[in-house]
Every structure is written in structure tokens, then in C-alpha cells.
Amino acid sequence: MLLAYSDDGPGPVVVLLHGFPLSREMWLAQRTTIGARYRVIAPDLRGHGESPDVQGISTMDGMADDVIDTLNALQLTQPVVIGGLSMGGYVALSLVERYPERVRGLILMNSRAQADPPQTAQVREDLAQLVESQGSPEPVVSSMMPKLFSPLTAQRRPEILGQLQAIMMANRPTGIAAALRGMAVRPDRTASLGRISVPTLIVAGADDGLIPMAESESLARAIPGARLVVIPDAGHLAPVENPADTNRALEEFLDTLA
Ligand code: MLT
């Protein structure tokens, strides 16, 4: 499937994959800053933003295939840097495992390699059914909003919460339900982490309420040579909550690949 995307800047390509239930709109601060020296391509994953909607189930592998289709359509067949936040990180892990020849660097932000435990998968199915029956992303948005941000973001930059809520609410309920079901069946990729052979950066939010710091630390330990950077004053959405420190970490990493 061909995805909608933004394409900013000159230089080596960095593909940024958004989290759930967001869209490429979440990368505005990266597109403007990192896009000054790198070509930042940010797609809307299937069922999100302006990309085609989907019924049923959006697997992480299917989303990864869409990214490859879109890069092929752009004639970008050389390896690129792939970065993903949370669900985007699940897709990035699928890409590096299944298309290693297309990846020259990996950035996993606020993400993990494990599959869902059964109770989480059940919560996702319940939420998917609610979203479908109400015909609105609202049940997912209200369940996620309290978990996404550092307390400091809510205090110092409350406008960010409204902006992110609007991005989530603009998504279609079918796409949201399909992604919930896709995340619920994603494979555990822990065993393949040791085979990742490209430079890797792990970004963690110091106050991430969804990904405990111990998980980011073990992710960094499991990938050969991976570096972990902890972003202060940030929860689950480090690139949005603290773009200055996140961009610095990303640019330092990208510069080592140049
Ligand atoms: C995300 O930010 O993409 C979600 O928190 C991922 C998830 O629900 O596992």
C-alpha cells in the first residue's frame, strides 16, 4: 500500500514512523530541525492520518511492507535510517528483521520488543470493539491521554496535550481498531535483537508511564552496540514533549552515520 507522507530537507534519508493513535503530524519539531540537514520522510501508517483506511487488522509486518512500497515508489532503494516511536518502533523492528538490506541505522523511541501479554491483548480487543460501536476514536483517546505525558508537560506546556488530542481524534475509527488488533498479535522480537547489525539508538522518556526505564535499558543491552539516551522532562512522547533534547540526541546519532 502506498502511504501519504511528508518529505522535508536535503541529505541522507531518515524515515520517522509515528506512534499510536497518532499520525505524521507528531513529527513537526523533527521535520523543521532535523530536516535542515537530513531528508526527513514521515509517512502516515495505514489507517492513520491521510493514508488509506483499512478494515480488519493492521499487522506490524503489513505496516512495514507499506513503508517499503512507499520508499520504492520514491525510488529510495538504498538503505536508509529508520526511526519509530512506540508502535512505529514495532514497525521499525519488523523492517530491520525482514528487510535488513534497506536499513542503515535504527532509532527506537519509547518502544519495546516484547509482544503483548494476554491481558493487554484483551484490553486492546475491548477497546477496538468500543471504537467500532461508537464510531469514534474517543474511547482510545480518553484511555491513552492520561498515560502519555510527563507531569511537567501537562504543567508547563498544556497546549501540547490539546494538539496531540486533536491529532488522535482526527483518525478514523476503523484504522484505529485495525491497529489495536495488529499490535495485539505482534510477535515478540526479543530473540532477533542480537542479530541487528546496524548502529542503533534507543531513546527513552525519563517519565514514560508506558515503557518502564528497565525495558529501554534491556532493549539497549540486547542490541549489539546500541546506545541509550534518556530524555529528561518527557513521558511517552519524548520527541513532542522535549523536542530540543530529543533532536540533539537524534542529530548526534545521525552525524555518526554520515
Ligand atoms: C504508541 O504510543 O504507539 C502506543 O502506546 C503503543 C502501544 O499501545 O503499545
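Details of the structure are given in the entry above.
Report on the accompanying structure. (Residues numbered from 1 in each chain as written. Predicted model: local features only at pLDDT ≥ 70, side-chain atom pairs only at ≥ 80, totals over all residues. Heavy atoms only, no water.)

As a further point, take the overall build of the protein. The helix and strand tally for the protein stands at 11 helices and seven strands. A globule of 258 residues ought to have a C-alpha radius of gyration of about 18 Å, and the protein, at 17 Å, matches this closely. Seen through its C-alpha atoms, the protein measures out along the principal axes to roughly 50 × 40 × 35 Å. Counting over 258 residues, the protein shows a buried share of 56%. Total accessible area on the protein is roughly 10100 Å²; 54% of this is exposed by carbon and sulfur atoms. In the protein, the 21 positive side-chain charges and the 29 negative ones have mean positions that sit 3 Å from each other. (Helix = DSSP H or I, 4+ residues; strand = E, 2+ residues; numbered from the N terminus. Rg over C-alpha atoms; globule rule 2.2 N^0.38 Å. Buried < 20%, exposed > 50% of the residue type's maximum accessible area, 1.4 Å probe, protein only. Areas by Shrake-Rupley, 256 points an atom, 1.4 Å probe, with all protein chains shown as cover. Lys, Arg positive; Asp, Glu negative; His and termini not counted. Charge placed at Lys NZ, Arg CZ, Asp CG, Glu CD.)

Moving on, we come to the site of the ligand. For the ligand, the full set of nearby residues is G19, F20, S86, M87, Y90, R124, M144, M183, L210 and H236. Note that an oxygen atom of the ligand is positioned 2.7 Å from one of the backbone N or O atoms of F20. Interatomic distance of 2.9 Å between a backbone N/O atom of M87 and an oxygen atom of the ligand. Look at the ligand: alone it shows 270 Å² of surface, and the protein chains cover 93% of it. Considering only residue class, the shell around the ligand consists of six nonpolar, three polar and one charged. (Near = heavy atom within 4 Å. Polar contact = N/O pair within 3.5 Å; in protein donor to acceptor, adjacent residues only side chain to side chain. Nonpolar A, V, L, I, M, F, W, Y, C, P; charged D, E, K, R; others polar.)

Here H18 shows up in the loop between β2 (13-17) and α1 (28-33). The class for H18 is buried, based on a relative accessible area of 0%. Excluding its chain neighbours within four sequence positions, the residues that come into contact with H18 are S23, R24, M26, W27, P43, D44, L45, H48, L85, M87 and G88. (Contact = heavy atoms within 4.5 Å.)

Next up on the list: the side chain of S192. Looking at where S192 falls in the secondary structure, it is placed in the loop between α8 (173-184) and β6 (200-205). One polar contact links S192 to E97, side chain to side chain, over a distance of 2.9 Å.

Further remarks concern the pattern of salt bridges. A complete count under the given rule lists 19 salt bridges for this structure. Across the pair E132 and R181 runs a salt bridge, and its minimum N-O distance is 2.8 Å. With E132 in helix α4 (residues 118-134) and R181 in helix α8, the pair connects residues that are 49 residues apart, well separated along the chain. Exposure remark for R181: the relative accessible area of 18% places this residue in the buried category. Between D245 and R248 there is a salt bridge, with its nearest N and O atoms 2.7 Å apart. Within this pair, D245 and its partner R248 are both found in helix α11 (residues 243-257), separated by three residues, close to a single helical turn. What makes D245 partly exposed here is its relative accessible area of 24%. On the basis of relative accessibility, which here comes to 46%, the residue R248 falls in the partly exposed class. Linked by salt bridges that have partners in common, D61, D65, E97, R98 and R189 make up one network. (Salt bridge = Lys/Arg side-chain N within 4 Å of Asp/Glu carboxyl O.)

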